[in-house]
Amino acid sequence: MKKVIVYMGPSCAFCDAAKRLLVRNNISFQEINISLEEGRMKEMLEKTNGKRTIPQIFFDKDHIGGYVELRELEKNNSLLKLLK
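Summarised in this report is the structure supplied together with it. (Residues numbered from 1 in each chain as written. Predicted model: local features only at pLDDT ≥ 70, side-chain atom pairs only at ≥ 80, totals over all residues. Heavy atoms only, no water.)

Re the nonpolar core
Phase 1 of the analysis: One finds Val4, Ile57, Phe59, Leu70 and Leu79 to be the most contacted residues of the largest nonpolar core, which totals 18 residues.
Phase 2 of the analysis: Listing elements by their share of this core, those giving two or more residues are β1 (4-8), α1 (13-24), β3 (56-59), α3 (67-75) and α4 (79-83).
Phase 3 of the analysis: Counting residues per element, this core draws most heavily on α1, at five residues.
Phase 4 of the analysis: Each residue touching Leu70, except ones within four places of it in the same chain, is listed here: Ala18, Leu21, Leu22, Ile57, Phe59 and Leu79.
Phase 5 of the analysis: Of all hydrophobic cores here, the second largest spans six residues; its members include Ile5, Tyr7, Met44 and Phe58. (Core = buried A, V, L, I, M, F, W, Y, C linked by side-chain atoms within 4.5 Å. Buried < 20%, exposed > 50% of the residue type's maximum accessible area, 1.4 Å probe, protein only. Helix = DSSP H or I, 4+ residues; strand = E, 2+ residues; numbered from the N terminus. Contact = heavy atoms within 4.5 Å.)

In structure tokens form, the structure reads like this:
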């Protein structure tokens, strides 16, 4: 299974929703808080070509997008297939 990485920040409703969605689907993930870990915001910006919104979600090195894109994958039954 691919490694899931979620860049997130404090007081972020979409970040919380993304975490709930992943937990609901029994998907383990690495959580990176860009406000607490120095250099992580710069890292996220480089990986996403400058996208500043959170969450930003990756499956291995593939950039999925944010919560809306993650939810769409779940609704289309594509989420678990992409993680294989």
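Observations regarding the state of the cysteines
Phase 1 of the analysis: Applying the stated criterion across every chain, the model contains one disulfide.
Phase 2 of the analysis: Note on cysteine connectivity: Cys12 is disulfide-linked to Cys15, with sulfurs 2.4 Å apart. Disulfide Cys12-Cys15: torsion about the S-S bond near 75°, hence right-handed. Grouping residues by exposure puts Cys12 and Cys15 together as buried. (Disulfide = S-S within 2.5 Å.)

Topic: the packing of aromatic side chains
Phase 1 of the analysis: Within the structure shown, the criterion is met by two aromatic pairs.
Phase 2 of the analysis: With centroids separated by 5.8 Å and ring planes inclined at 75°, the aromatic side chains of Tyr7 and Phe58 adopt a geometry described as edge-to-face. Of the two residues, Tyr7 sits in strand β1 while Phe58 sits in strand β3, which places them 51 residues apart along the sequence. The exposure classification of Tyr7 matches that of Phe58, with both residues buried.
Phase 3 of the analysis: Pairing Phe14 with Tyr67 gives two aromatic rings, centres 6.0 Å apart and planes at 40°, and the pair type is tilted. (Phe/Tyr/Trp six-rings, centres within 6.5 Å; stacked < 30°, edge-to-face > 60°.)

Honestly, that's just the spatial picture; any functional story needs more than this.
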